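So you can see what is in the structure, the chains are spelled out below.
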Amino acid sequence: MYRTHTCGELRIEDVSKEVILSGWVQKIRDKGGMLWIDLRDRYGITQLIFDESKADAGLIRKARSLGREYVIQATGNVIERFSKNPNIPTGEIEIVVSELTVLNPSKVPPFTIENETDGGEDLRMKFRYLDLRRVVVRKNIQLRHKLMQHTRSYLDSQQFIEIETPVLIKSTPEGARDFVVPSRMNPGEFYALPQSPQTFKQLLMISGFDKYYQIVKCFRDEDLRADRQPEFTQIDCEMSFVTRDDVLDTFEGLIKHLFSIVLNIKLDEFPKMTYDDAIKMYGTDKPDIRFGMKFVELNHLVKGKGFQVFDNSRLIAGINATGCAGYSRKQLDALTDYVKRPQVGAKGLVYVKYNEDGTFKSSVDKFFNQEQLANWAEHFQAKPGDLMLILAGDPSATRTALSVLRLYMGKTLNQIDNRKFLPLWVVDFPLLEWDEETRRYYAMHHPFTSAKPEDIEKLDTDPGEVKANAYDLVINGVEIGGGSIRIHDRKLQQKMFDALGFTEEEANQQFGFLLNAFNYGAPPHGGIAFGFDRLCALFGGTDSIRDFIAFPKNNSGRDVMIDSPAPISEEQLKELAIKMR
Ligand code: ASP
């Protein structure tokens with residue numbers, strides 16, 4: 001027997017029991033006559049004690065020969081500790097060891113296995129199995145497990161069926177880039193790894209499964225941004241005979257359940273906001289609504305007064321930073337530099353200080369008098385002591401830049417409550433997005449998303465104006481999930497492919513299986529998918545999804561532990577009929 005108890009289990013009630021523990025040596029404290037060892041496993045830490053005056057010399061020698069991360073087995077007696085440690089559950093007891101076995105020695109680990117470690121990111125990734133021994137990292141993985149289990153049991157309780165869909169599928173040019181897998185049996189042909197099980201889950205609705213889900217790996221060969229993983233996990237779901245609100249209600253239920261059971265947080269009903277409103281008021285389709293500072297548009301007040309910048313801009317809009325009228329020249333310059341960085345992209349920043357004495361001081365005093373500025377202030381609902389920050393330019397770029405500034409000011413002014421979770425459904429996305437480079441429309445969500453019924457007409461005349469029956473769940477400014485009501489009519493799907501510039505032949509070649517299936521009684525259906533890694537990070541209170549993946553890839557998409565991707569041998573290449581230039 002390796003152990004009678006785990007290292008997190010023994011309590012004062014267990015005093016005088018003879019026990020066997022196995023685990024890793026976390027720490028050794030050698031005070032000459034006395035020696036203590038912290039023994040660690042997944043469940044906790046238990047202190048072992050060796051008393052030179054009482055114990056056998058051989059045993060003491062053996063204890064002294066141990067090093068950090070040795071795997072040992074200790075047999076001994078549970079006693080009450082003289083100086084107790086209230087910080088750990090086992091802190092009232094310790095084990096007087098009578099027998100010690102080294103199960104496996106360890107080299108000195110390359111970094112300390114502590115919550116605060118001296119190991120840098122690269123080193124920890126290379127030795128991820130050691131990093132995973134750290135309690136903080138292990139807790140993240142356990143949180144993930146918990147979310148996964150509760151997701152499964154909740155969806156099961158709602159009659160969803162978990163069905164696996166294939167991982168080796170077919171490449172399609174729509175969406176992100178595919179990872180492809182060469183087929184040895186079919187030289188010159190390739191599978192693709194799924195970016196999502198989208199078409200399969202729709203086929204399952206046609207099969208009559210009615211409610212499907214899967215916690216599933218998806219793959220996208222995108223340019224890597226911070227905190228994106230080439231392989232990631234989704235909670236993927238689909239339902240039949242549902243309207244948009246049926247889907248939203250069902251998954252609002254899931255999210256509320258997870259918050260309640262995992263974090264003990266009761267969420268209120270999730271508000272809904274249209275995409276257009278989100279863009280107009282927050283400049284983004286994932287607004288953080290934990291704080292205000294909504295955009296105020298000024299076009300009608302500021303144009304035609306001789307200030308070229310405003311006159312030549314299609315949008316002039318700003319935010320009100322409460323209590324910031326006292327900002328110094330230096331602070332304002334810093335803000336201007338901040339918005340002018342290429343990542344933010346504004347051309348400049350106009351400010352108006354609403355002084356405590358009721359006067360105004362602005363960077364455009366040459367063009368606007370006190371009365372006009374007072375009028376702006378009224379629009380901003382600003383009060384004496386506030387600072388209005390205004391950007392101007394092309395509407396889309398200006399809104400994007402202003403949304404970055406809004407977040408920055410929200411953080412700077414401590415207006416964002418980090419203990420709060422505020423979910424939001426963003427609805428009525430545009431169906432199509434125009435791409436200037438390729439001069440064609442792309443589906444904003446994916447080509448299977450249906451238009452709002454009242455907009456279908458416009459597909460022929462004004463495709464850019466068509467709204468989709470699509471929705472996203474945003475929590476605290478982070479997109480957690482998204483989905484749509486699908487097209488289930490063959491003709492309509494064909495029309496959508498037309499709008500996307502597919503010829504009938506192309507549509508058939510890529511999605512013929514789905515178009516065909518629509519001929520055999522496809523029910524109305526819709527669904528959603530949640531980014532599971534991101535959900536875990538949100539629950540864990542950080543934005544680093546990597547911390548919640550047992551074996552993540554780094555920012556260049558590499559697994560530095562197994563050193564992948566890697567070249568393959570000439571033989572393998574030949575067998576796969578792949579020529580390397
Ligand atoms: N397949 C979609 C995605 O991965 C989600 C959905 O429409 O259900 O984003």
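Each value, and the rule that gives it
Residues numbered from 1 in each chain as written. Predicted model: local features only at pLDDT ≥ 70, side-chain atom pairs only at ≥ 80, totals over all residues. Heavy atoms only, no water. Helix = DSSP H or I, 4+ residues; strand = E, 2+ residues; numbered from the N terminus. Pairing = 2+ DSSP bridges. Phe/Tyr/Trp six-rings, centres within 6.5 Å; stacked < 30°, edge-to-face > 60°. Buried < 20%, exposed > 50% of the residue type's maximum accessible area, 1.4 Å probe, protein only. Near = heavy atom within 4 Å. Polar contact = N/O pair within 3.5 Å; in protein donor to acceptor, adjacent residues only side chain to side chain. Areas by Shrake-Rupley, 256 points an atom, 1.4 Å probe, with all protein chains shown as cover. Salt bridge = Lys/Arg side-chain N within 4 Å of Asp/Glu carboxyl O.

### Concerning the environment of Glu116
Line of reasoning, step 1. Of note, Glu116 is situated in the loop between strand 5 (93-104) and helix 2 (121-126).
Line of reasoning, step 2. The spacing of Glu116 and Arg134 is 18 residues in sequence and 9.0 Å in space, taken between C-alpha atoms.

### Considerations on the sheet that holds strand 13 (residues 315-321)
Line of reasoning, step 1. Spatially, 5 strands are ordered 12-13-16-14-15 in an open sheet, and the strand pairing comes out antiparallel. In this open sheet, the two edge strands, each paired with only one partner strand, are strand 12 (296-297) and strand 15 (360-362).
Line of reasoning, step 2. The pairing of strand 12 with strand 13 spans 2 bridges and is antiparallel. Following the sheet pairing, Glu297 is matched in strand 13 by Ala317.

### Structural notes on the packing of aromatic side chains
The description of an aromatic ring pair uses the distance of the two centres, along with the angle that the planes make with each other.
Line of reasoning, step 1. All chains considered together, the criterion is met by 20 aromatic pairs.
Line of reasoning, step 2. Relative to Trp425, the ring of Phe270 lies with its centre 6.2 Å away and its plane at 40°, an arrangement referred to as tilted. With Phe270 in the loop between helix 6 (244-263) and strand 11 (272-274) and Trp425 in strand 17 (residues 423-427), this pair connects stretches of sequence that are 155 residues apart.
Line of reasoning, step 3. On the basis of relative accessible area, Phe270 is assigned to the buried category, the value being 2%.
Line of reasoning, step 4. When its relative accessible area of 0% is taken as the criterion, Trp425 is described as buried.

### Considerations on the site of the ligand
Line of reasoning, step 1. The environment of the ligand is made up of 13 residues, and the closest members are Gln198, Lys201, His445, His446 and Arg486.
Line of reasoning, step 2. Ser196 is positioned such that a nitrogen or oxygen atom in its side chain is 3.1 Å from a nitrogen atom of the ligand.
Line of reasoning, step 3. A distance of 2.6 Å separates an oxygen atom of the ligand from a polar atom in the side chain of Lys201.
Line of reasoning, step 4. Compared with its free state, where it exposes 270 Å², the ligand has 89% of that area covered by protein.
Line of reasoning, step 5. Elements supplying a minimum of two residues to the shell around the ligand: helix 5 (198-206), strand 21 (478-485) and strand 22 (525-531).
Line of reasoning, step 6. It is strand 22 that contributes the most residues to the shell around the ligand, 3 residues altogether.

### Overview of the pattern of salt bridges
Line of reasoning, step 1. Scanning the entire structure with this criterion turns up 39 salt bridges.
Line of reasoning, step 2. Its salt-bridge partner being Glu121, residue Arg546 comes within 2.7 Å of it at the nearest N-O pair. Placement of the pair is Arg546 in the loop between helix 16 (532-540) and helix 17 (570-575) and Glu121 in helix 2, with a sequence separation of 425 residues.
Line of reasoning, step 3. Given the relative accessible area of 34%, Glu121 is considered partly exposed.
Line of reasoning, step 4. Linking Glu252 and Lys256 is a salt bridge whose minimum nitrogen-to-oxygen distance equals 3.1 Å. Residue Glu252 and its partner Lys256 are both found in helix 6; the two are separated by 4 residues, about one turn of the helix.

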